[in-house]
Amino acid sequence: MDASGLPVERSARPYLIGLGLALILTAIPFALVAANALPRFTTLVIIAVAAILQILVHFRFFLHIGLRSTPLENLAALAFAAILIAFMVGGTLWIMFDLHHRMMV
Amino acid sequence: MFGRLTIDAFPFYSAIAASGAAITVLGALSVIALITYLRAWRVVLFDWVSSLDHKKIGIMYVMLALVMLMRGFIDAAMMRSQQAIALGNEGYLPADHFDQIFTSHGTIMIFFMAMPFLSGLINHIMPQQIGARDVAFPFMNAVSLWLTAAGAGLVLISLVIGKFSTAGWSGYPPYSGAEYNPGVGVDYWLWAVLIAGVGSTMSGINFLVTILKCRAPGMHLFRMPLFTWTVFVTSILMIFAFPALTVACGLLALDRTFGMHFFTNAMGGNMMHYVNLFWLWGHPEVYILILPAFGVFSEVVATFSQKRLFGYISLVLATMAIGILSFTVWLHHFFTMGSSADVNSFFGIMTTIIAVPTGVKVFDWLLTMYRGRLIFKPPMLYTIGFLVTFVIGGLSGVLLALPPVDYVMHNTTFLVAHFHNMIIPGVLFGYLAGYMFWFPKAFGFKLNETWGTRSFWCWIVGFYLAFMPLYVLGLKGMPRRMEHYDIAAWQPHLIVAAIGAFIILLGIICLGIQLAVSIRDREQTRDLTGDPWNGRSLEWATSSPPAPYNFAILPNVQSIDAFWDMKHRGVAYQQPDRYVDIALPKNTFIPAFIGGAAFVFGFAVVWYIWWLAVLALVGITLAIIIRASDDETEFVLPAREVQTIEDARFAKLAKAPRNEMVDDPGFAGGSVLEGST
Amino acid sequence: MNEGASATIETAALPFAEARKYEEKAFGFWVYLMSDAIIFALLFATYLVMLDNTAGGPTGQQLFSLERAAGETTLLLLSSTTFGFASVALAASNRPRVLQWLVVTAALGLGFLFLEFGEFNGMIAEGAGPDRSGFLSAFFALVGTHGLHVSVGIIWILVMIGQVLAKGLTRPVASRIMRLGLFWHFLDIIWIGIFSIVYLPGLI
C-alpha cells in the first residue's frame, strides 16, 4: 500500500508467495485439530501463533504494507487501532470474566 | 401491510402526550408555512438541502442543534416542575410519561443537540482554520448531516406516532429487551441512535482525513490552531468509539427484533456485557463532546485576552493525553455492577489520572488571561463562567472516581449534578461561546451583545440554582429519575432547582431575542472585514460570510496564529495579480435522499413494516451505487468569477479600513488595517 | 483524460489536486476499515464472553464442521489471491484480465457464501439458530456480520465489473477497485480470526 490509492504492484509474485505461506499457516492448525494429537492448550497456542503470522503475511503480501512504502498516517492508524483493540477487548475480557467469577453469571 | 402500526399509536390517550404531538406537528407545519410565505422553496432546496458546502452543512447542523436544545429543554422543564410538586403525590406526569421524558431528554441532548452543535461548528470553521477549501469528503459530509437529521426525525415522530423509550438514554437491558418492553419505544430509541451514530462515525473519518491531508502549505501540525487540534483528537475518538455503540445497540436490536439472547435474562444472555459495550463508547463520547468546546475556549480566551495562547505545546499534549486516556476509564460508569476490587481500583486510578490533563488546560487558559487586556464580550463571559463552574464539576468527578465513594453516590442526583456540571458549563457554554464568536463569520453580521450578556447571566445563575441543590440531594440519598417521592426534606431543594430551570428558560428566551434583534439590526452590525474580533487564526482571513471556495489563493503559513502573523507582516490583505480556476463540488439531492430513506427504514423497522424497510435499504444501496458511478461530481468556478467575487470583497474592505474592535474600551490595538486608507 | 488501452495508470503525470484526491480517498477508506476492525473486535469479544452460554443447547463441538470451515477458508483465501491478480492486471491496464479475475473472485466469494448459507440453514433447521442461546446469538452475529460484509463486497465487485465494462480502466475506476481490494483483503484477515477463534478451538 502506498500513498497514491492507485495500483502500482505489477507482479503476481507477492500474491503467490502470500498464498503459499497462508496455505501452510492454515494447514498446520487445521491438521492439528483434525489429528487431535496435542494437548488442548498447546494446540490453542499454535493456532494463535499461526493466525498472527498469517495476518502479517496478509499485511505484507496482499496489502503491501511496508514500514518504508506505506505512509506514516496509515501505519499510525493501524497501530492505534491495534492498541485500542487490545484495550477494549482485553479490558472487556478482564471485566466480564472477573464478573463471571464473582457472580457465576 | 402496516406491520404493528395501528390507530392506537396516536397519542389520544393522554392530554399531555396529545399536546406534545400537536406541538411537534404544528412546528413542522409552521416551518413549511414560513418557507412558503417567504417563497424560499427554491433557495431552501437548491442552495441548502442539496448543498455539499461545509459552511452550509455546518449552519444546518447548528440549526438542528438549537431546535433540539429547545425540545430537550422542554423535557427538563417538565421534569423539574414535576419533581418540585410531587411530594407525597403523583404530580401531573404519570410514571410512564415521566420515564419517556427523562429518556428523551438525555437522548436528545447528547445525540441531537451536542453532537450536531459540535459537528456544525467544526464543519464551518475547521477547514478555514487549516486553509482548506472544504472537508476531504463533501458528499459524505452531507450524508452525515442527513443521517443525523433522520435520527432526530425518529425521536420527534415518536411523539406523534407511538411512544418513546422509557429505558433511559443508556437503554440498559433486560428492561430495554423485548420481554419487558415489547412496544415501539425502545426500537425508536435504538434506530435513532444507530442511524445518527453512523453519521458521526463518518464525520470522524471526514475530519481526520481533512486535517491530515488538506492543510494549506506551511500549516504544519504544530502550527494548527488549538480548536483544530481538539477536532483532530475528537475525530479519532469518534472513529474508534462509535463502533462500540453500533455493536451495543445493534446486538440489542437483534435481541428485540429476532429474539436473540445477547442480553436476555435467560437462555444464556449476559446483560452486563451491554453495560460494558455501551460505556466503551459512552466514556469516549463525553470527551468527544467536551474537547471541541475546550478548543473553542482556547480560541476565545486568546482573542479576548488579546494575547497569544499560553502553553501551546502543553495544550496539544494534554489534548492527546485526554484522547488516549478516554479509552481506559469506562468502567467507572458501572463501579457498582459488582467487579472485584482489582478491576474497580484500576479504573478508579485511571479516572483520577484523566483529570490531570484537563487541569493543565485550565491553568493554560488562566495564564493566557493573566496580564492580558480582557474584553468581556459574551463569548468571553461564557468562557470565564466555564472556568469557574467546570472545575467544581471536575472535583465532583474526581470524588466519584473513587469506587467506595461512588458506591454511595451512584445513580443519585449527585451524579446527575456532576455530569450536568460538566456538560452545561463545559459543552454547552463552549458551543454557545463558539456560536457567538463565529456567527459574524458565518453570516456577515454580529450578534447583539446586550442580549448575549443577558443570556449568559441567566444561564449561569440558572445553572447554579438548578444543579447545586442536586449535589446536596444526592448526598441526602435521593436517587435519580424519581417521578415522585415521600421525603419532605427534599422538596425545598427541588423547588430551588425548578426556579433554576425557569431562569435557564429565560436564558434560552434571551438567545432567541438575541437572534431576532441581530437579524433586525444586521445592517448596523455588518462585519465588513471578515475579522470582527482582531482574530489570530486563518478563518478570520476569509470574508464574512466566506466565498464558496473560502480562499481564492491558498495561504502560505509561516507561524502559529497564522493570520495574526500575516497581519503583522503586512501580507494579510493582498490581492494577487491572477486568479485560478477553482473546482467545487456540485450540489446533489442524494445525501438528503439517503437521510430520508434512513428515516423511512428506521420507522419501518420500528413498526415491523418489513416490505418498507427492505425498499428503503434498496433505495439507499441504489443511491450509493449511482453516486459511486458518477465521475463528474465537481464543477469549475472560472478564474474570472473568482476575480469578481474577490474584487467585491476588496471593495468592501476599502470601505471599512479600521478594525472593528478599535472602538472597544479594552482594545489594545495591533491590527494592520488601523490607519490605512 | 485520454488513455489508450496501453497507457498505464501513473500518478506522476496527474495534476496535484487530482492525485491528492485519490490519496485522500484511499486513506479515508483505510480509516473506515480501522473502525470496522473495532466492530469485529467487539463481536469477537462478545463471542468469547458468551462461549459457555449455551443454555443447555448445542455447543460448537456439536455444530461445527472442520471440512466446511476448511472449504470456506480455502475459497476466501483463493479469492484474495485472484483479486491480487486483478490488481496486477489493473496496474498493467489489461482490461480483459481485470474483468476475468474480478469474475473469478466474485465466483469464489459466492462459493464461500453458499457454504456459509448452507451451514446457517442447517443449524437453524436443527434448532440451533441464533435464538437458541446466547452462545449461538454471538456466533451468528460474528460470523453473520462477516458474511454480510462479504455479500456487500460481492455486490461491489459486480458494480465494478459494470463500471469497467462501461467506462474502461479510468483512474476513478482504478481508485475504486483499489479500495475494494483493501476491503476484500481485510475480510480475509477477519476470517483468519474467525476460524482461529471460533471454528478451530470449538472443534478441538
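Provided above is the structure to which this section pertains.
The rules we used
- Residues numbered from 1 in each chain as written.
- Chains lettered and ligands numbered in written order.
- Predicted model: local features only at pLDDT ≥ 70, side-chain atom pairs only at ≥ 80, totals over all residues.
- Heavy atoms only, no water.
- Helix = DSSP H or I, 4+ residues; strand = E, 2+ residues; numbered from the N terminus.
- Buried < 20%, exposed > 50% of the residue type's maximum accessible area, 1.4 Å probe, protein only.
- Contact = heavy atoms within 4.5 Å.
- Lys, Arg positive; Asp, Glu negative; His and termini not counted.
- Charge placed at Lys NZ, Arg CZ, Asp CG, Glu CD.
- Buried area = accessible area lost by both parts, 1.4 Å probe.
- Salt bridge = Lys/Arg side-chain N within 4 Å of Asp/Glu carboxyl O.
- Polar contact = N/O pair within 3.5 Å; in protein donor to acceptor, adjacent residues only side chain to side chain.
- Nonpolar A, V, L, I, M, F, W, Y, C, P; charged D, E, K, R; others polar.
- Expected span 1.5 Å × (residues − 1).
- 1 Å grid on protein atoms, 1.4 Å probe; cavity = no way out; pocket = protein on both sides within 12 Å on 5 of 7 lines; lining within 4 Å.
- Points joined across faces, edges and corners; volume = space filled by probe spheres on them.
- Patch = residues over 30% accessible without salt bridge, like charges linked within 9 Å, V, L, I, M, F, W, Y side chains within 5 Å.
- Areas by Shrake-Rupley, 256 points an atom, 1.4 Å probe, with all protein chains shown as cover.
- Core = buried A, V, L, I, M, F, W, Y, C linked by side-chain atoms within 4.5 Å.
- Axes fitted to C-alpha atoms, helices over the stretch in contact; angles between N-to-C directions.
- Parallel < 35°, antiparallel > 145°, perpendicular 65-115°, else oblique.
- Left-handed = near helix turned anticlockwise from the far one by under 90°.
- Phe/Tyr/Trp six-rings, centres within 6.5 Å; stacked < 30°, edge-to-face > 60°.

Details of the overall build of chain C
- Counting its secondary structure elements, chain C contains 6 helices and 0 strands.
- Viewed in the frame of its principal axes, chain C has a C-alpha envelope of about 65 × 30 × 25 Å.
- Across the 204 residues that make up chain C, the buried fraction comes to 63%.
- By sequence separation, contacts in chain C at least 24 residues apart represent 81% of the contacts at least 6 residues apart.
- Of the charged side chains in chain C, 11 are positive and 14 negative, and the gap between their average positions amounts to 14 Å.

A short note on the interface of chain C and chain A
- Tallying the contact residues gives 48 residues for chain C and 46 residues for chain A.
- Regarding the contact of chain C and chain A, the summed buried area is about 4200 Å², with carbon and sulfur atoms giving 83% of it.
- Together, Trp30(C), Leu77(C) and Ile204(C) form the three largest contributors to the area buried by chain C at its contact with chain A, with a combined 16%.
- Our count for the contact surface shared by chain C and chain A stands at 0 salt bridges.
- Viewed at the interface, chain A and chain C are joined by 2 residue pairs in polar contact (both at pLDDT 80 or more).
- Those elements that provide at least two residues to the side of chain C that touches chain A are α1 (16–49), α3 (66–91) and α6 (171–203) of chain C.
- Broken down by class, the residue content of the side of chain C that touches chain A amounts to 34 nonpolar, 10 polar and 4 charged.

Considerations on unusual backbone geometry
All names here are of chain B.
- A cis amide bond links Pro173 with the next residue in sequence, Pro174, at an omega value of 0 degrees.
- By the element assignment, Pro174 lies in the loop between α5 (138–157) and α6 (185–213).
- Note that the residue after Ser544, namely Pro545, is joined by a cis bond; omega there is -10 degrees.
- Along the chain, Pro545 falls in the loop between α15 (491–520) and α16 (562–569).
- The backbone of Asn550 sits at a positive phi, close to 60 degrees, despite the residue not being glycine.
- By secondary structure assignment, the location of Asn550 is in the loop between α15 and α16.
- Classification of Asn550 by relative accessible area gives buried; the value is 4%.
- The backbone of Asp561 shows a phi angle near 55 degrees, a positive value even though the residue is not glycine.
- For Asp561, a relative accessible area of 17% gives the class buried.

Regarding helix α4 (residues 95–125) of chain C
- Compared with the 45 Å implied by 1.5 Å per residue over 31 residues, the 44 Å span of α4(C) between its first and last C-alpha is a close match.
- Where α4(C) terminates, the next one or two residues include Gly127(C), which has phi positive at roughly 80 degrees.

Overview of empty space enclosed by the protein
Residue and element names in this part refer to chain B.
- One pass over the full model with this rule turns up 3 cavities of 30 Å³ or more.
- Counted as a void, the largest cavity has a volume near 70 Å³.
- Forming the boundary of the largest cavity are Tyr61, Phe111, Met115, Pro116, Ser119, Thr148, Ala196, Gly197, Gly199, Ser200, Ser203 and Phe242.
- Taken together, the elements giving at least two residues each to the lining of the largest cavity come down to α4 (95–129) and α6.

A few points about the pattern of salt bridges
- Applying the stated criterion across every chain, the model contains 17 salt bridges over all chains.
- A salt bridge links Asp521(B) to Arg520(B), with the nearest nitrogen and oxygen atoms 2.9 Å apart.
- Of the charged contacts, one joins Asp561(B) and Arg536(B) as a salt bridge, the two residues approaching to 2.9 Å between their closest N and O atoms. Of the two residues, Asp561(B) sits in the loop between α15 and α16 while Arg536(B) sits in the loop between α15 and α16, which places them 25 residues apart along the sequence. The pair formed by Asp561(B) and Arg536(B) is uniform in burial state, with each residue classed as buried.
- Here the residues in one salt-bridge network are Glu73(A), Lys213(B) and Glu23(C), joined through shared partners.

Considering the environment of Leu78(A)
- Mapping Leu78(A) onto the fold places it in helix α3 (residues 72–103).
- Leu78(A) sits 66 residues away from Ala12(A) along the chain, and the two C-alpha atoms are 25 Å apart.
- Excluding residues that lie within four positions of it along the chain, Leu78(A) makes contacts with Phe59(A), Ile65(A), Trp30(C) and Met34(C).

Describing the interface of chain A and chain B
- Contacts between the two partners involve 17 residues from chain A and, on the opposite side, 24 residues from chain B.
- Both faces combined, the contact of chain A with chain B buries some 1900 Å², and carbon together with sulfur accounts for 78% of it.
- On the chain A side of the interface with chain B, the three residues burying the most area are Met88(A), Trp94(A) and Ile95(A), jointly 28% of the side's total.
- If you look at where chain A meets chain B, you find 1 salt bridge.
- For Lys213(B), the salt bridge goes to Glu73(A), with nearest N and O atoms at 2.6 Å.
- At the boundary of chain A and chain B, one finds 4 residue pairs in polar contact (both at pLDDT 80 or more).
- Broken down by class, the residue content of the side of chain A that touches chain B amounts to 12 nonpolar, 2 polar and 3 charged.

Focus: a nonpolar patch on the surface
All names here are of chain B.
- Side chains of Val25, Leu26, Leu29, Ile32, Trp41, Leu45, Phe46 and Phe589 sit close together on the surface and give an oily, nonpolar patch of about 690 Å² of accessible area.
- Only α1 (15–37) and α2 (41–49) provide two or more residues apiece to the nonpolar patch.
- Among the elements that make up the nonpolar patch, the one with the highest residue count is α1 (4 residues).
- If you trace the backbone, Val25 turns up in helix α1.

A word on the nonpolar core
- Ranked by internal contacts, the top residues of the largest apolar core, which has 301 residues, are Trp189(B), Trp365(B), Trp459(B), Trp30(C), Phe139(C) and Tyr199(C).
- Not counting chain neighbours up to four residues away, the residues in contact with Trp365(B) comprise Phe294(B), Phe297(B), Ser298(B), Val301(B), Leu309(B), Leu315(B), Phe386(B) and Leu387(B).
- Listed in part, the 7 residues of the second largest apolar core include Leu19(A), Ala22(A), Phe62(A) and Leu77(C).

Concerning the packing of helix α8 (residues 271–305) of chain B against helix α10 (residues 341–369) of chain B
Residues and elements named next belong to chain B.
- Between α8 and α10, whose axes approach to 9 Å, the crossing angle comes to 15 degrees. In terms of their interaxial angle, α8 and α10 are classed as roughly parallel. Relative to α10, the crossing made by α8 is left-handed. On α10, the residues touching His283, Tyr287, Phe294, Phe297, Ser298, Val301, Ala302 and Ser305 of α8 are Ile354, Thr358, Lys361, Trp365, Thr368 and Met369.

Details of the side chain of Lys377(B)
- Along the chain, Lys377(B) turns up in the loop between α10 and α11 (378–400).
- Among the polar contacts made by the side chain of Lys377(B), one reaches the side chain of Glu449(B) at a distance of 3.2 Å.

Some remarks on the packing of aromatic side chains
Residues and elements named next belong to chain B.
- Evaluation of the coordinates by the stated rule reveals 72 aromatic pairs over all chains.
- Relative to Phe456, the ring of Tyr382 has its centre 5.3 Å away and its plane inclined at 80 degrees; by these criteria the two rings are edge-to-face. Residue Tyr382 is located in helix α11, and its partner Phe456 is located in helix α14 (residues 449–475); the two are separated by 74 residues in the primary sequence.
- By relative accessible area, Tyr382 is classed as buried at 0%.
- Consider the rings of Phe414 and Tyr471, whose centres lie 5.0 Å apart with planes at 70 degrees: the pair is edge-to-face. Taken together, the residues span a long stretch of sequence, with Phe414 in helix α13 (residues 413–443) and Tyr471 in helix α14 at a distance of 57 residues.
- What makes Tyr471 buried here is its relative accessible area of 9%.
- Following the ring pairs from residue to residue traces out a cluster consisting of Phe111, Phe112, Trp169, Tyr172, Phe242, Phe262, Phe263, Tyr274, Phe278, Trp279 and Trp281.

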